[in-house]
Amino acid sequence: MSMKINETRKYYESMTAQDLCQCDNCQNFYRRISEAYPEVAAFLSGLGVDIEKPHEAWAIEIEPDKLMYPDVQYVVMGSKSDFKETEVSGVKIYLADSYPPTDVDEEHFVIESGPYYLKNEAR
Ligand SMILES: [Zn+2]
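Everything numeric here is computed off the predicted structure, so don't read it as measured data.

Draft legend 1. Spatial organisation of the coordination of the zinc ion. Those protein atoms acting as donors to the zinc ion are Cys21 (SG), Cys23 (SG) and Cys26 (SG), and they sit at 2.2 Å. Each donor residue of the zinc ion belongs to the same chain, with the gaps between them written as C-x1-C-x2-C. We classify Cys26 as buried; its relative accessible area is 4%.

Here it is in structure tokens:
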């Protein structure tokens, strides 16, 4: 088993709100994603990933009250050799080519997922 699900789970459990981006679009993502995409949340949870704690996310406003998050990134512990691209509820999940530094010393890789469409009623 080269994906380390328990290590991944521990990584997400140890993350606090301080470790996450505080911008409005990201906060909107943390608040709404689990309810809007329960099947994707369950799939990522099977890898040990907490969908509410992305490594990197950004959004495009496609309607005044609707945001699209094209490619939300997550850290996964272990080797990417066992990871297979997939699609869940219209959301593609695949290996990321490039991403911001992770500050993780152990072997890990980064996956990308999207697009996600979420309401944005914060303003
Ligand atoms: Zn942000």
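Draft legend 2. Summary view of the nonpolar core. Judged by nonpolar contacts, the single largest core of 36 residues is most densely connected at Phe29, Val40, Leu44, Tyr74, Ile111 and Tyr116. When contributions to this core are tallied by element, the ones reaching two or more residues are α1 (5-14), α2 (24-36), α3 (38-47), β2 (66-69), β3 (72-77), β5 (91-95), β6 (108-114) and β7 (116-119). Among the elements that make up this core, the one with the highest residue count is β3 (5 residues).

Draft legend 3. Here's a closer look at the packing of aromatic side chains. Applying the stated rule across the entire model yields 5 aromatic pairs. Note on Phe29 and Tyr116: the rings are 5.6 Å apart at their centroids and 80° apart in plane angle, and the pair reads as edge-to-face. Taken together, the residues Phe29 in helix α2 and Tyr116 in strand β7 connect sequence positions 87 residues apart. Classification of Phe29 as buried rests on a relative accessible area of 0%. Using a relative accessible area of 0% as the deciding quantity, one classes Tyr116 as buried. Three or more aromatic residues link up through ring pairs in this structure, and these residues are Phe29, Tyr37, Tyr69 and Tyr116.

Draft legend 4. Fine view of the sheet that holds β3. Strand order in the open sheet formed by 4 strands is β3-β6-β5-β4, and the pairing between neighbours is antiparallel. The sheet is open, and its two edges are formed by β3 and β4 (86-88), each paired on a single side. Across the sheet, the mean angle from the axis of one strand to that of its neighbour is 25°, orientation sign disregarded. Summarising the sheet, β5 and β6 pair through 4 bridges and their orientation is antiparallel.

About the thresholds
- Every chain is numbered on its own, with residues counted from 1 as its sequence reads.
- It should be noted that, the model being predicted, local features are given only for residues of pLDDT at least 70 and side-chain atom pairs only at 80 or more, the latter also being counted only at that level, while totals for whole chains, interfaces and linings use all residues.
- Calculated side-chain values reflect all of the structure's heavy atoms, with hydrogen atoms and water omitted.
- Counted as donors are the N, O and S atoms within 2.8 Å of the metal, or 3.2 Å for Na, K and Ca, while water is not among the atoms, so some sites may look incomplete.
- Buried residues are those whose accessible area, probed at 1.4 Å on protein chains only, stays under 20% of the maximum for their type, while exposed residues exceed 50% and partly exposed ones sit between those limits.
- Joining through side-chain atoms within 4.5 Å is the link that ties buried Ala, Val, Leu, Ile, Met, Phe, Trp, Tyr and Cys residues into a set, and such a set is a nonpolar core.
- Under the scheme used here, helices are H or I runs from DSSP no shorter than 4 residues and strands are E runs no shorter than 2 residues, and both carry numbers assigned from the N terminus.
- Each aromatic pair joins two rings of Phe, Tyr and Trp (for Trp, the six-membered one) with centres within 6.5 Å, and gets the label stacked for planes under 30 degrees apart, edge-to-face for over 60, and tilted for any other angle.
- Should DSSP find at least two bridges between two strands, the strands are regarded as paired.
- Here, axes are lines fitted to C-alpha atoms. For helices the fit covers the stretch in contact, and angles between N-to-C directions go from 0 to 180 degrees.

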